[in-house]
Amino acid sequence: DKPGSTHQGYQWVYHSPESGLVLFTYRKGRGEHGPKEILSSYQGILQCDGYAVYDKIGMRPGVQLAGCLAHARRKYDEAKTNDKIRSEYALNLIQQIYGLERNSQGLSMDERTQYRQEHIRPLFEALQSWAEKESLHVVPKSPIGKAISYTLLQWEKLKYILTDSRIRLDNNLIENKIRTLALGRKNYLFAGSHDAAQRIAMMYSFMASCKAHDINPSEWLKDTLDRISDTKMSELELLLPLGKM
């Protein structure tokens, strides 16, 4: 970039619920190259919002997309000033889904899957049926029209949540990691350069992973700096903040 000019870059955030590790990675743009590279060899479930880039990744063999109910809910919340009755109907159904899901937290994986099929699936089906019916009676480009359209376009991904109890109703775990970045951005405003933005991403990755594992970031960083010179390149993963120190 030219001296004195500014560039709006993007931080992509990935979170592994099983390991608790968080990865921030900086990209100059919002195109598919970033996630395509990071997830090039990924196999498994990818929970995401409705961004089209993920749909392309989901076409690969071995990758199954799961939707995010919170993103669908957000659309209806934004549409309340446009169509309060329809928005609140959808929001009420989604609230009931979350309430039932909270009641299943003490169950085993198999029990929770069965619980979802018996108690939550009927509400999912009610939301789908309602959205299909109401889509014929709203202006497509209105806020409520867009909310209903989002629900229907994401439906295959949303209903996949019910098939595997390891999948959460939403990806709010990663949304919580992004809040820290948003707060920092208000404080320092600019990264300074593309390289600096990537260094910021690295530090956010480490600090967010420490927080996920209830590790003091300062203690982890000191321990890592003390040990890194004696650690082989092939064993660097041993320095990751996994488990309490």
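Our structure is the block above this text.
Residues numbered from 1 in each chain as written. Predicted model: local features only at pLDDT ≥ 70, side-chain atom pairs only at ≥ 80, totals over all residues. Heavy atoms only, no water.

A. Region of interest: the pairing of strand β1 (residues 10–15). Sheet topology note: the β1/strand β2 (residues 22–27) ladder contains six bridges and is antiparallel. Along β2, the bridge assignment pairs histidine 15 with valine 22. From the end of β1 to the start of β2, which pair antiparallel, there are six residues, and glycine 20 there has a positive phi angle of about 80°. (Pairing = 2+ DSSP bridges. Helix = DSSP H or I, 4+ residues; strand = E, 2+ residues; numbered from the N terminus.)

B. Main features of the nonpolar core. In this structure, Tyr76, Ile97, Phe124, Leu127, Trp130 and Ile148 are the most contacted members of the largest nonpolar core, which totals 29 residues. Only α3 (69–78), α4 (84–102), α5 (109–134), α6 (143–153) and α7 (155–160) provide two or more residues apiece to this core. Per-element accounting of this core gives the leading share, seven residues, to α5. Listed in part, the 10 residues of the second largest apolar core include Leu39, Ile57, Val63 and Leu65. (Core = buried A, V, L, I, M, F, W, Y, C linked by side-chain atoms within 4.5 Å. Buried < 20%, exposed > 50% of the residue type's maximum accessible area, 1.4 Å probe, protein only.)

C. Up close: the packing of aromatic side chains. Applying the stated criterion to the full structure yields eight aromatic pairs. Between tyrosine 51 and tyrosine 54, the aromatic rings sit 6.2 Å apart at their centres with planes inclined by 75°, giving edge-to-face as the arrangement. Residue tyrosine 51 is classed as partly exposed on the basis of its relative accessible area of 21%. By relative accessible area, tyrosine 54 is classed as buried at 13%. Taken together, the ring pairs connect Trp12, Tyr51 and Tyr54 into an aromatic cluster. Sitting above the plane of the tyrosine 150 ring, lysine 75 keeps its charged end 5.1 Å from the centroid. (Phe/Tyr/Trp six-rings, centres within 6.5 Å; stacked < 30°, edge-to-face > 60°. Lys NZ or Arg CZ within 6 Å of the ring centre and 35° of its normal.)

D. Expanded view of the side chain of arginine 112. As for its placement among the helices and strands, arginine 112 is situated in helix α5. Glutamate 101 provides the closest opposite charge to the buried, unpaired arginine 112, separated from it by 4.4 Å. Arginine 112 has contacts with Glu101, Ser104, Gln105, Leu107 and Ser165, leaving out every residue within four places of it along the chain. (Lys, Arg positive; Asp, Glu negative; His and termini not counted. Salt bridge = Lys/Arg side-chain N within 4 Å of Asp/Glu carboxyl O. Contact = heavy atoms within 4.5 Å.)

E. The arrangement of the packing of α5 against α6 in detail. Between α5 and α6, whose axes approach to 10 Å, the crossing angle comes to 130°. Between α5 and α6, the angle falls in the class oblique. Between α5 and α6 lies a crossing of left-handed hand. For the pair formed by α5 and α6, the contact residues are Leu127, Gln128, Trp130, Ala131, Glu132 and Glu134 on the first element and Ile148, Thr151 and Leu152 on the second. Taken together, the residues of the contact of α5 with α6 sort by class into five nonpolar, two polar and two charged. (Axes fitted to C-alpha atoms, helices over the stretch in contact; angles between N-to-C directions. Parallel < 35°, antiparallel > 145°, perpendicular 65-115°, else oblique. Left-handed = near helix turned anticlockwise from the far one by under 90°. Nonpolar A, V, L, I, M, F, W, Y, C, P; charged D, E, K, R; others polar.)

F. Region of the structure containing unusual backbone geometry. A positive phi is found at aspartate 214, a non-glycine position, where the angle reads about 60°. Residue position: aspartate 214 is located in the loop between α9 (194–212) and α10 (217–227).

G. A look at the pattern of salt bridges. Taken as a whole and assessed by the stated rule, the structure comprises 11 salt bridges. The partner of aspartate 223 in a salt bridge is arginine 227, and the shortest N-O contact between them spans 3.0 Å. Of this pair, aspartate 223 and arginine 227 both sit in helix α10, four residues apart, which is roughly one turn of the helix. Overall, arginine 227 belongs to the partly exposed group, its relative accessible area being 36%.

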